[in-house]
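Given next are the chains, with one letter for each unit.
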Amino acid sequence: MKLVDFLEFEPFNRLRAAMGTRRLGYFELFDPRYHLTGAERIRLEQEGIGVSPWQVQRLVDGTFAFKNSRVVCYLANQGTAAAGGDHYHLTDCSLLLQALASVDGQERPLMVSTAPSGALPTRVGNQQGVRPFKVCEQCLQKLGFEGFDAQRNRRRGWSLQLLDAFTPARFFARYRQYPVKPEEFAQRVDAEGAGSEGDDAQGSGGWWAHLSPP
Ligand SMILES: [Zn+2]
């Protein structure tokens, strides 16, 4: 079946001109695989959500998204002495990858959160709690967050101050939390493409690629 090319369809073009629009419209249908529900947004902020690494998408700016929200990531079971285990991460820095490798095989080892303070929800076994976390220095360095550079003497003092006072709210003030636009994803399984694998889509070649699936 041949469809009309609506960009060349005169009645619509006249209508568009009559409406005074200069640009073509764009909208995305709600798809629970890619879009957060209202309840999920609340849960992300209040409790955090435990996920597998491939449920977290890397964005073109190097930060992370869960569905269409930017998030910070940390390990679900704190107390793992793994490197990077006591920090929340903004990027796929080597400390996060090391920490994840050390809990490889554990179900949903990663917590994602949009809580504004560094007091982040944790669980140990079935126990829910809240614990203070510090931001990962390597992530700030990788993003060059607000000029962060602890390796250059000239910037070191200021960078350490930023590190000390940092909160997720400061991160989300600079990197919009919600909604993340489709073009911000480094790679995303296309809802209409062959890869419609739903929540369990594991893909390949993602930032988690060196971790073996459970
Ligand atoms: Zn990090």
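Thresholds, definitions, all that
- Residues numbered from 1 in each chain as written.
- Predicted model: local features only at pLDDT ≥ 70, side-chain atom pairs only at ≥ 80, totals over all residues.
- Heavy atoms only, no water.
- Helix = DSSP H or I, 4+ residues; strand = E, 2+ residues; numbered from the N terminus.
- Buried < 20%, exposed > 50% of the residue type's maximum accessible area, 1.4 Å probe, protein only.
- Areas by Shrake-Rupley, 256 points an atom, 1.4 Å probe, with all protein chains shown as cover.
- Salt bridge = Lys/Arg side-chain N within 4 Å of Asp/Glu carboxyl O.
- Pairing = 2+ DSSP bridges.
- Patch = residues over 30% accessible without salt bridge, like charges linked within 9 Å, V, L, I, M, F, W, Y side chains within 5 Å.
- Donors = N, O, S within 2.8 Å, 3.2 Å for Na, K, Ca; no water.
- Tetrahedral: all angles 85-135°; square planar, octahedral: opposite > 155°, others 65-115°.
- Axes fitted to C-alpha atoms, helices over the stretch in contact; angles between N-to-C directions.
- Contact = heavy atoms within 4.5 Å.

Caption draft 1: Main features of the overall build of the protein chain. Counting its regular elements, the protein chain contains six helices and nine strands. Counting every position in the protein chain, which comprises 214 residues, the buried fraction comes to 39%. Just so you have it, the protein chain exposes about 12500 Å², and 51% of that area is on carbon and sulfur atoms.

Caption draft 2: Up close: the pattern of salt bridges. Overall, the coordinates contain 12 salt bridges when judged by the stated rule. Across the pair Arg33 and Asp31 runs a salt bridge whose closest N-O atoms are separated by 2.9 Å. When its relative accessible area of 14% is taken as the criterion, Asp31 is described as buried. Residues Glu184 and Arg70 are paired through a salt bridge, measuring 2.9 Å at the closest nitrogen-oxygen approach. Within this pair, whereas Glu184 is found in the segment after α6 (168–174), its partner Arg70 is found in strand β4 (residues 69–75), the two being separated by 114 residues in sequence. Note on accessibility: Glu184 and Arg70 belong to one class, buried. Taken together, the salt bridges that share partners define one network made up of Arg58, Asp92 and Lys142.

Caption draft 3: Structural view of the pairing of strand β8 (residues 127–132). The element β8 is barely covered by neighbouring structure, given that only zero of its six residues are classed as buried. Bridging between strand β7 (residues 119–124) and β8 involves six bridges; their strand directions are antiparallel. Looking at β8, one finds that Leu120 is bridged to Arg131.

Caption draft 4: Summary view of a nonpolar patch on the surface. A surface patch of nonpolar side chains, about 500 Å² in accessible area, is lined by Val4, Phe6, Phe12, Leu15 and Met19. Mapped onto the elements, Val4 comes out in the segment before α1 (10–19). With relative accessibility at 45%, the residue Val4 sits in the partly exposed group.

Caption draft 5: Up close: the coordination of the zinc ion. The zinc ion binds to the protein through His89 (ND1), Cys93 (SG), Cys136 (SG) and Cys139 (SG), with metal-donor distances spanning 2.1 to 2.3 Å. Angles of 99 to 117° at the metal separate the four donor atoms of the zinc ion, which places the site in the tetrahedral class. Going along the chain, you hit the donors of the zinc ion in the pattern H-x3-C-x42-C-x2-C. Pair noted here: Cys93 is in the loop between β5 (87–88) and α3 (94–102) and Cys136 is in the loop between β9 (134–135) and α4 (137–143), with a separation of 43 residues, a long-range link. Just as Cys93 is buried, Cys136 falls in that class too.

Caption draft 6: Quick look at the sheet that holds strand β6 (residues 110–113). Strand order in the open sheet formed by five strands is β1-β6-β4-β3-β2, and the pairing between neighbours is antiparallel. A single partner strand is all that each edge strand has here, and the edge strands are β1 (49–51) and β2 (56–58). Mean inter-strand twist for the sheet, computed between neighbouring axes without regard to direction, equals 50°. Summarising the sheet, β1 and β6 pair through three bridges and their orientation is antiparallel. The residue of β6 that forms the bridge with Val51 is Leu110. This element, helix α2 (residues 38–46), spans β1, β3 (64–66), β4 and β6 of the sheet and lies at about 95° to β1.

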